[in-house]
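Listed below are the residues making up each chain.
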Amino acid sequence: MCGIVGYAGNKSVVDILLDGLEQLEYRGYDSSGIAVKCKDGIKVYKAEGKLGNLRNVLSNCLDEFKTSTCGIGHIRWATHGAPTVLNAHPHTCTCGNLVIVHNGIIENYKELREKLTASGCTFRSQTDTEAVAHLVARKYFEVKDLTEAVRLASKELEGAYALCVMHNDYNNTIVATKRNAPLLIGYGENEFFAASDVPAIIKHTNKAVYLNDNEIATLNPAGIKFIDGEGNVITPRVETLPWEPVALSKMGYKHFMLKEIHEQSDVIRNILIGKLHAPDENIVLNEVKLDKNTLKNLNRIQIVACGTSLHAAMVGKYLIENFCDIAVDVEASSEYIYRKTVTDTHTLVIGVSQSGETADTLTAVKQSKARGSHILIITNRPDSAMAREADSLVPVNAGIEVSVAATKSYTAQLMAFYLLALYMAEIKESMSKTDLQALKAEMMQLPQKVDQILAQTDEIKKCAHAFANTKNFIYVARGINYPTALEGALKLKEISYINATGYPAGELKHGPIAMLDETMPVLSILMLGTVYEKILSNSEEAKARNAQMIALTNSDDKKLDDLFDYIIRVPAVQELFSPIIAMVPLQLLAYYIAEFLGKDVDQPRNLAKSVTVE
Ligand code: F6R
């Protein structure tokens, strides 16, 4: 979380920093700030809340920056200390000569703070970052070299960080380093950039170096220098970024979330291009390196992910077990990394992540890699840190997702799992050719079915408005749609702040049913297939407790009209593909409730799109 950006060049710096921060706002929006080198020294400006507030602060003092061509900026997702101006970055040392921006968490900040306070430093914020500012300043006092000061200070830091540092003694110079947090250095003509992610710099350059842990870059328009953690000069590889600058536009939709929901049929079409040509042809996954022998030698698969990606992983388990007869465990990465996990060379570990940089999932993947497991990554960012750990890769091609609440990337992850499970089944010959062909034919129909749902949103909107003022919401489903219930509930709570929970329908009677009365909406995901009748019975039990009943169904069973107060109908689909068809209306339901309530749909409170801290 948090985004950092730096510029050392020959152009006016403030717009470059603000534009860069705007592209990084998905990483947090609790506060923002910049530090720029002016004629009379470094000046720091900060504001609480969204970037627009910082723009307002700066609009009164733009003349000060006219000649300034070097600066650093930060967008914050608060970890240590409330989201106030005082805790906003950049942070300074006691005398104010050194400024710093930081993404990550310094785990030993308390010890550092005590030591530095005892030696005379004055702390002004509650952040972990301020300890780094004082520490680097102390080292600078000793060695009188900013790069060396950063290197020596880094040795005393525990945790994760990407840092950019400036000092009043240096003109047009930024020192940047990282450990377990992303940082790339962009190359322009007599100008250099530092940023947490590509979108912050891609407008200016597509040439960049991805810094490795402990490497330090010293940026100055006259040239750039890299050293490793031991101080040796190194020459890193300059890569061409596989990105085009894109103008992020809502294309007439009120919110990015609504636009991204409506993009989903095209997302499905895109992921199928080049991977599935016809039902009687094999699936093509060029970057998956699992041959028959490797698959035969696997005794289990573990999937690690967080949040929405975890829900996609739960559907993936269902598919792989069903199609390939291999046991699959799914676990939240944050749980996986702090216990003894039995992974070895006979385990396939699949990491699922939209951003490809979620800290917990990245750590889980690295741990399994160290134990010799084959690592397969499903991600929307093939240029990410996680993708760089992959032995096999399934890019999901959902395009940039701006809304913090994931929608199209979830659908794309599900599609990746369908393709992967069918691909493995083909290699393993664990399904008959006829069954495989039937599934592939059905999969190719999905875009039209999603289009049908998107063309008829009135019923969903009506239902949303009827329940917008509820305090609680229950989603129930069974089997392959249990993850759909979890994801539906997650979408609603994320953007509307309504307390929504997903349950396996059969579990209602083991406790949650006690909460049911006429104030509680229960949404049953009733897709035709193996567990349809079972969920119907569970819905009857809820109705008998006077709950307000909503059905999301592809059945035209007349019985439903008596049982449910609202019915959202979706097209008929083979049960195994119903998670895709069922999720789209649930995304819309959450969207229309939040929109009706006037919530900040694209940037809900307390969240960030990319979670780079554990
Ligand atoms: C929910 C959401 C989050 C992410 C989670 C993992 O809408 O977006 O729950 O799914 O933070 O992020 P990635 O997929 O980037 O690893």
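Treat the numbers as computed from the prediction; the structure is a model and nothing was measured. (Residues numbered from 1 in each chain as written. Predicted model: local features only at pLDDT ≥ 70, side-chain atom pairs only at ≥ 80, totals over all residues. Heavy atoms only, no water.)

Student: Looking at this structure, I do not really get the environment of Ile 513. What am I missing?
Tutor: One can find Ile 513 in the loop between strand S21 (499–504) and strand S22 (521–526). Judged by relative accessible area, Ile 513 falls into the buried class, the value being 17%. Sequence separation of Ile 513 and Tyr 482 is 31 residues, and the distance between their C-alpha atoms is 17 Å. Leaving out residues up to four positions away in the same chain, Ile 513 has contacts with Leu 508, Glu 541 and Arg 545. (Helix = DSSP H or I, 4+ residues; strand = E, 2+ residues; numbered from the N terminus. Buried < 20%, exposed > 50% of the residue type's maximum accessible area, 1.4 Å probe, protein only. Contact = heavy atoms within 4.5 Å.)

Student: Explain the nonpolar core here, please?
Tutor: Inside soluble globular proteins, nonpolar side chains tend to come together where they are buried. Formed by 98 residues in total, the largest nonpolar core has its most connected members in Ile 350, Met 443 and Phe 473. The leading source of residues in this core is helix H13 (residues 408–428), at 15 residues. Each of two domains, domain 2 (256–444) and domain 3 (455–597), supplies a minimum of three residues to this core. Setting aside anything within four residues of it in sequence, one finds Ile 350 in contact with Ile 301, Gln 302, Ile 303, Val 304, Ile 320, Leu 376, Ile 378, Phe 417 and Leu 420. Of all hydrophobic cores here, the second largest spans 32 residues; its members include Leu 18, Leu 21, Val 36 and Leu 54. (Core = buried A, V, L, I, M, F, W, Y, C linked by side-chain atoms within 4.5 Å. Domains from an automatic or database assignment.)

Student: Honestly, the packing of H13 against helix H14 (residues 433–444) in this entry has me stumped. Any pointers?
Tutor: For the pair H13 and H14, the least separation of the axes is 11 Å and the interaxial angle reads 160°. Accordingly, the angle class assigned to the pair H13 and H14 is roughly antiparallel. H13 and H14 meet at a crossing whose hand is left-handed. Across from Met 415, Tyr 418, Leu 419, Leu 422, Ala 425 and Glu 426 in H13, the residues of H14 making contact are Leu 436, Leu 439, Lys 440 and Met 443. Along the lines of polarity and charge, the residues of the contact of H13 with H14 split into 8 nonpolar, no polar and 2 charged. (Axes fitted to C-alpha atoms, helices over the stretch in contact; angles between N-to-C directions. Parallel < 35°, antiparallel > 145°, perpendicular 65-115°, else oblique. Left-handed = near helix turned anticlockwise from the far one by under 90°. Nonpolar A, V, L, I, M, F, W, Y, C, P; charged D, E, K, R; others polar.)

Student: Please clarify how the packing of aromatic side chains should be interpreted in this entry.
Tutor: Between two aromatic rings, the relevant description is the distance of the centres plus the angle of the planes. Here the structure, examined in full by the defined rule, presents 8 aromatic pairs. Here the aromatic rings of Tyr 187 and Phe 192 are separated by 5.3 Å at their centres, their planes lie at 85°, and the arrangement is edge-to-face. Under the relative-accessibility criterion, Tyr 187 is labelled partly exposed at 22%. Residue classification places Phe 192 among the buried residues on the basis of a relative accessible area of 7%. Between the aromatic rings of Tyr 591 and Tyr 592, the centroid separation amounts to 5.2 Å while the plane-to-plane angle is 75°, which identifies the pairing as edge-to-face. For Tyr 591, a relative accessible area of 1% translates into the label buried. Through a chain of ring-to-ring contacts, three or more aromatic side chains come together here, namely Phe 467, Phe 473, Tyr 475 and Tyr 566. Above the ring of Tyr 497, the side-chain terminus of Arg 605 is found at 3.8 Å from the ring centroid. (Phe/Tyr/Trp six-rings, centres within 6.5 Å; stacked < 30°, edge-to-face > 60°. Lys NZ or Arg CZ within 6 Å of the ring centre and 35° of its normal.)

Student: Could you clarify how one ought to interpret the sheet that holds strand S19 (residues 392–395) in this entry?
Tutor: With respect to topology, 5 strands assemble into an open sheet ordered S16-S15-S17-S18-S19, the strand pairing being parallel. Strand pairing shows two members of the sheet lacking a second neighbour, strand S16 (328–332) and S19, which therefore form its edges. Going across the sheet, the axis of each strand differs from the next one's by a mean of 20°, ignoring polarity. Most of the contacts of helix H9 (residues 307–324) go to S16, to which it runs at about 175°, and overall it touches strand S15 (300–305), S16 and strand S17 (347–353). (Pairing = 2+ DSSP bridges.)

Student: Would you mind going over the sheet that holds strand S14 (residues 239–240) with me for this structure?
Tutor: Paired through backbone hydrogen bonds, the strands of a sheet run either parallel or antiparallel to each other. Pairing within the open sheet is antiparallel, and its 8 strands lie in the order S3-S2-S4-S1-S10-S9-S11-S14. If you trace the sheet from one side to the other, it starts and ends with strand S3 (41–48) and S14, each paired once. Pairing of strand S11 (residues 207–210) with S14 involves 2 bridges; the strand directions are antiparallel. Opposite Ala 208, over in S14, you have Glu 239 as the bridge partner.

Student: I'm lost on the pairing of S21 in this one. Help?
Tutor: The side chains of a regular strand alternate between both faces of the sheet. Here strand S20 (residues 472–477) runs beside S21; their pairing, made up of 6 bridges, is parallel. Across the sheet, Ile 474 pairs through a bridge with Thr 501, a residue of S21. Regarding the hand of the β-α-β motif, the stretch spanning S20, helix H17 (residues 482–496) and S21 is right-handed. (Right-handed = clockwise from strand over helix to strand, strands pointing away.)

Student: Can you walk me through the site of the ligand in this structure?
Tutor: Close to the ligand lie 14 residues; Ser 309, Ser 353, Gln 354, Ser 355 and Thr 358 are nearest. Within the backbone of Ala 406, a nitrogen or oxygen atom sits 2.8 Å from an oxygen atom of the ligand. When residues in the shell around the ligand are grouped by element, the largest group, 3 residues, is from H9. Each residue belonging to the shell around the ligand can be placed in one class, and the counts come to 5 nonpolar, 7 polar and 2 charged. (Near = heavy atom within 4 Å. Polar contact = N/O pair within 3.5 Å; in protein donor to acceptor, adjacent residues only side chain to side chain.)

Student: Is there a simple way to explain the side chain of Ser 333 in this structure?
Tutor: Residue placement: Ser 333 occurs in helix H10 (residues 333–336). With near-sequence residues (within four places) excluded, Ser 333 lies in contact with Val 304, Ala 305, Cys 306, Asp 360, Thr 361 and Ala 364.

Student: I would appreciate a short explanation of empty space enclosed by the protein in the present structure.
Tutor: Once rolled over the atoms, a probe with the size of a water molecule shows which space is left empty. Per the counting criterion, the structure on display carries 2 cavities of 30 Å³ or more. With 3 residues, strand S6 (residues 98–106) is the single largest residue contributor to the lining of the largest cavity. Of the residues assigned to the lining of the largest cavity, the class counts are 2 nonpolar, 8 polar and 2 charged. One number sums up the size of the second largest cavity: a volume of about 30 Å³. Every residue along the wall of the second largest cavity is listed here: Arg 478, Ile 480, Asn 481, Ile 525, Met 527, Val 531, Ile 535 and Glu 575. A class-by-class count of the residues in the lining of the second largest cavity yields 5 nonpolar, 1 polar and 2 charged. (1 Å grid on protein atoms, 1.4 Å probe; cavity = no way out; pocket = protein on both sides within 12 Å on 5 of 7 lines; lining within 4 Å. Points joined across faces, edges and corners; volume = space filled by probe spheres on them.)

Student: It is not clear to me how a negative patch on the surface should be interpreted in this structure. Could you clarify?
Tutor: Side chains of Glu 107, Glu 111, Glu 114, Glu 158 and Glu 614 sit close together on the surface and give a patch of like negative charge. Relative to the helices and strands, Glu 114 resides in helix H3 (residues 109–118). Taking relative accessible area as the criterion, Glu 114 reaches 58% and is therefore assigned exposed. (Patch = residues over 30% accessible without salt bridge, like charges linked within 9 Å, V, L, I, M, F, W, Y side chains within 5 Å. Areas by Shrake-Rupley, 256 points an atom, 1.4 Å probe, with all protein chains shown as cover. Salt bridge = Lys/Arg side-chain N within 4 Å of Asp/Glu carboxyl O. Lys, Arg positive; Asp, Glu negative; His and termini not counted. Charge placed at Lys NZ, Arg CZ, Asp CG, Glu CD.)

Student: Please clarify how the packing of helix H7 (residues 264–272) against helix H15 (residues 446–454) should be interpreted in this entry.
Tutor: Two elements in contact, H7 and H15, have axes whose closest approach is 8 Å; the angle formed by their N-to-C orientations is 175°. Regarding the angle of H7 to H15, the classification is roughly antiparallel. Each of Gln 264, Ser 265, Ile 268 and Arg 269 in H7 lies in contact with H15, whose residues at this interface are Leu 446, Pro 447, Gln 448, Val 450, Asp 451 and Leu 454.

So, to be careful, I would describe these as geometric facts and stop short of saying anything about function.
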